[in-house]
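Tertiary structure, described
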Amino acid sequence: YWNRYPGARCDIESLEYQYGFEDDLPREWKWTERYATQPEILTYLNHVADRFSLRDGIQLETRVTAAVFDEGANRWAVTTDRGDRFSAKFCIMATGCLSAAKVPDFKGIDSFKGDWYHTGNWPHEGVDFTGKRVGVIGTGSSAIQSIPIIATQSKQLTVFQRTANFSVPAHNGPINPEYRAQMKENYTDVRRRARESAAGILARAPGEKSALEVAEEERRAEFESRWQQGGFALGGAFIDLGLNLQANETAAEFVRSKIRETVNNPETAELLCPRDYPFATKRLCVDTGYFETFNRDNVSLVDVKTNPIESITPNGLRTGGKEYEFDCLVFATGFDAMTGALSNIDIRGRGGKALREKWSAGPRTYLGIQIAGFPNLFTITGPGSPSVLSNMIVSIEQHVDWISDCLVYLREHELPTIEATVKAEDEWVDHVNQVADMTLFPLANSWYLGANIPGKPRVFMPYVGGVGNYAVKCQQVAANGYEGFALAAGGS
Ligand code: NAP
């Protein structure tokens, strides 16, 4: 609904990125392309809302402003920007991990005389870039998808890059009918295997060898085969790419070699080669013609790492002591990830304590599902769960199932409240950090760590232990009578 920028599409394959809570839906729905476009996904969501008669339970065009726990009544009071007041026994925050769009606090932004847009909040009527001089700021997934399209629409496009990114080709196209038939026939099994996998994605099984145990030719052949397949397959080529810097560097150098082969101007190619962080420790991007776009005469690349953007001016922007003039600016500058949408709501738990205050040194949760001091409040794919390191649909459904079962359990056992204990939360946070520290992820200044938001505490937020392992842990917790949760009125 919000991310409608040119070229927006999902970079997990459509046959894997769909609901699995019911068997007929995935068999009935016919995705047209390997990677679904934003309009097709929106059509699908509307179809699901109609098919399951969900609209009566949804209030649109409403922003929740506050959620406050009333300890006397054991109820949440939820208020909205339309003046509504709701009272609920349970409150489930399904506010999204990447929904609080962030435009950096650039000096002079209000003085810009042209039009500016954020990729995560794109005008519904679209934008006509014909004959326009356009500046795009950022080179993450949103930029990498939109730049090739904006380049063909605009008169002149300038890309301002702070960190060069690893991107692999999507090789998008129509879905192979045999593959579609096979997936439909085995959908229940496909879904089960996704739930038990490391990232909820099955497109290609991860390799079992170390990148360092094979000869150069074998390594290159494996990378090449996965590059030709496209999408995230490359990330799983060898077992130690995420764990060992030397192994990781072989993948990093493979991608750089592809960039050098693709981009004609050697200086531009070098600037586009990622060197600031290990391969795939920021989210891997998946593109269609991104690097090729820099061979176009109307496209140029400006490094804003050496010379950060100084200010937005009435006519464009200034960096490195030079002013660039534009009719339009596109901020593909990302999100206040994982915590932003929750922090934007005034959430108050026991004793009126604000969630913003509790998380002032970084988010703390038990399993990414609950927060000590905030009884009967659940978070879907919250920090501390695999969330953004997975196929989000698989992770969302796992949380929805777990929370639904939990609510039934509370009702059947006549328990008024459930609340994560401080001990369980502390132990889980320690575990999440320990597992992250075993990997190369903390070496990148990524949004996984909050590093894209000035002043945000640097804490690795998602759980890297794997979707399958995590689901087993959640099942065990439930099977042991909701171990780590206090099940009654009263605190932890
Ligand atoms: P992002 O990955 O956070 O990228 C933001 C970009 O803006 C980065 O290149 C960043 O540079 C740059 N930037 C931020 N502040 C800047 C500043 N002050 N000066 C210069 N550059 C600045 O955001 P995104 O591209 O919107 O993607 C966010 C996530 O959404 C993705 O990682 C992915 O999980 C999801 N997503 C998915 C899809 C898909 O499924 N196809 C598409 C789009 C997004 P630095 O790297 O130096 O911080």
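Residues numbered from 1 in each chain as written. Predicted model: local features only at pLDDT ≥ 70, side-chain atom pairs only at ≥ 80, totals over all residues. Heavy atoms only, no water.

Describing the overall build of the protein
Looking only at helices and strands, one finds 14 helices and 18 strands in the protein. A globule of 492 residues ought to have a C-alpha radius of gyration of about 23 Å, and the protein, at 23 Å, matches this closely. For the C-alpha atoms alone, the extent of the protein along its principal axes is close to 70 × 55 × 45 Å. Taking the contacts inside the protein whose residues are at least 6 apart along the sequence as the reference set, 70% of them involve residues at least 24 apart. A total accessible area of about 22400 Å² is found for the protein, and carbon and sulfur atoms account for 50% of it. Taken together, the 51 basic and 62 acidic charged side chains of the protein have centroids lying 3 Å from each other. (Helix = DSSP H or I, 4+ residues; strand = E, 2+ residues; numbered from the N terminus. Rg over C-alpha atoms; globule rule 2.2 N^0.38 Å. Contact = heavy atoms within 4.5 Å. Areas by Shrake-Rupley, 256 points an atom, 1.4 Å probe, with all protein chains shown as cover. Lys, Arg positive; Asp, Glu negative; His and termini not counted. Charge placed at Lys NZ, Arg CZ, Asp CG, Glu CD.)

Regarding the site of the ligand
Surveying the vicinity of the ligand reveals 23 residues, the closest of which are R9, S142, R162, T163 and K282. Within the contact set of the ligand, a nitrogen atom lies 2.7 Å away from a backbone nitrogen or oxygen of R9. T139 places a polar main-chain atom, nitrogen or oxygen, 2.8 Å from an oxygen atom of the ligand. Coverage of the ligand by the protein amounts to 87% of the 910 Å² it exposes when considered alone. Looking at the shell around the ligand element by element, the count peaks at three residues for helix 3 (residues 141–153). (Near = heavy atom within 4 Å. Polar contact = N/O pair within 3.5 Å; in protein donor to acceptor, adjacent residues only side chain to side chain.)

Some thoughts on the packing of helix 5 (residues 187–196) against helix 12 (residues 392–412)
Relative orientation of the contacting elements helix 5 and helix 12 amounts to 85°, with a least axis distance of 10 Å. Our classification of the angle between helix 5 and helix 12 gives roughly perpendicular. For the pair helix 5 and helix 12, contact is made by R191, A194 and R195 and by I393, V394 and E397, respectively. Of the residues belonging to the contact of helix 5 with helix 12, the class tally is three nonpolar, no polar and three charged. (Axes fitted to C-alpha atoms, helices over the stretch in contact; angles between N-to-C directions. Parallel < 35°, antiparallel > 145°, perpendicular 65-115°, else oblique. Nonpolar A, V, L, I, M, F, W, Y, C, P; charged D, E, K, R; others polar.)

Some thoughts on the sheet that holds strand 14 (residues 328–331)
Read across the open sheet, the five strands follow the order 5-14-6-7-10; overall the sheet is parallel. Taken across any chain shown, the strands that pair with only one partner, and hence form the sheet edges, are strand 5 (115–118) and strand 10 (299–303). On average, adjacent strands in this sheet sit at an angle of 20° to one another, irrespective of strand direction. In terms of strand pairing, strand 6 (residues 133–137) meets strand 7 (residues 156–161) through five bridges, oriented parallel. Along strand 7, the bridge assignment pairs V134 with L157. (Pairing = 2+ DSSP bridges.)

A short note on the pattern of salt bridges
Evaluation of the coordinates by the stated rule reveals 32 salt bridges. Here E253 ties to R256 by a salt bridge, and the two come within 2.7 Å at their closest N and O atoms. Taken together, the positions of E253 and R256, both in helix 7 (residues 245–262) and three residues apart, correspond to about one turn of that helix. Judged by its relative accessible area of 30%, E253 is partly exposed. Given the relative accessible area of 4%, R256 is considered buried. Here K456 and D336 are joined by a salt bridge, their closest N and O atoms 2.6 Å apart. Note that K456 is positioned in the loop between helix 13 (422–437) and helix 14 (467–479) and D336 in the loop between strand 14 and helix 10 (340–343), a separation of 120 residues in sequence. Through salt bridges with shared partners, a single network forms among E249, E253, R256, R260, E270 and R275. (Salt bridge = Lys/Arg side-chain N within 4 Å of Asp/Glu carboxyl O. Buried < 20%, exposed > 50% of the residue type's maximum accessible area, 1.4 Å probe, protein only.)

Quick word on the nonpolar core
Soluble, globular proteins show a tendency: their nonpolar side chains are buried together. Formed by 51 residues in total, the largest nonpolar core has its most connected members in F129, V136, L157 and F279. Among the elements that line this core, the one with the most residues is helix 7, at six residues. Sequence-distant contacts of V136, that is, excluding residues within four places in its chain, are made with A143, I147, I150, L157, T158, V159, F160, V330 and A332. Membership of the second largest hydrophobic core comes to 22 residues, among which are F378, C406, L410 and I418. (Core = buried A, V, L, I, M, F, W, Y, C linked by side-chain atoms within 4.5 Å.)

Quick look at the side chain of T268
Turning to its location among the elements, T268 is positioned in helix 8 (residues 266–272). The exposure class assigned to T268 is buried, which follows from its relative accessible area of 17%. What T268 contacts, discounting residues up to four positions off in sequence, is V263, F294 and L301.

Some points on the pairing of strand 11 (residues 309–313)
Most of strand 11 sits inside the fold, with four of its five residues counted as buried. Where strand 11 lies against strand 12 (residues 316–319), four bridges are found, and the strand directions are antiparallel. Directly across from T313, in strand 12, lies its bridge partner G316. Joining the antiparallel neighbours strand 11 and strand 12 is a turn of two residues.

Side note on a nonpolar patch on the surface
A cluster of nonpolar residues, L54, I58 and L60, forms a patch on the protein surface that exposes about 280 Å² of accessible area. With respect to the helices and strands, the residue I58 is situated in the loop between helix 2 (38–51) and strand 1 (64–70). Overall, the relative accessible area of 44% leaves I58 in the partly exposed class. (Patch = residues over 30% accessible without salt bridge, like charges linked within 9 Å, V, L, I, M, F, W, Y side chains within 5 Å.)

Observations concerning the environment of H431
Secondary-structure assignment places H431 in helix 13. It is 42 Å that separates the C-alpha atoms of H431 and P123, two residues lying 308 residues apart in sequence.

Section: unusual backbone geometry
With phi around 65°, A280 is a residue other than glycine that occupies positive phi space. Residue position: A280 is located in the loop between helix 8 and strand 9 (285–287). Residues other than glycine seldom take positive phi values, yet L367 does so here, at roughly 65°. Tracing the sequence through the fold places L367 in the loop between helix 11 (355–358) and strand 16 (377–379).

With respect to the pairing of strand 13 (residues 322–325)
Residues in a regular strand point their side chains to alternate faces of the sheet. With four bridges connecting them, strand 12 and strand 13 associate as antiparallel partners. By the bridge assignment for strand 13, T319 is matched with K322.

What about the packing of aromatic side chains?
The tally for this structure, following the rule as stated, stands at 34 aromatic pairs. Summarising the aromatic geometry, the rings of Y290 and F291 are spaced 5.0 Å apart at their centres and angled 65° between planes, so their arrangement reads as edge-to-face. Overall, the relative accessible area of 2% leaves Y290 in the buried class. A network of ring pairs unites the aromatic residues Y19, F21, W29, W31, Y44 and F52 as a single cluster. Against the face of Y1 rests R4, its NZ or CZ located 5.4 Å from the ring centre. (Phe/Tyr/Trp six-rings, centres within 6.5 Å; stacked < 30°, edge-to-face > 60°. Lys NZ or Arg CZ within 6 Å of the ring centre and 35° of its normal.)

Limitation: the analysis is restricted to geometry and does not speak to function.
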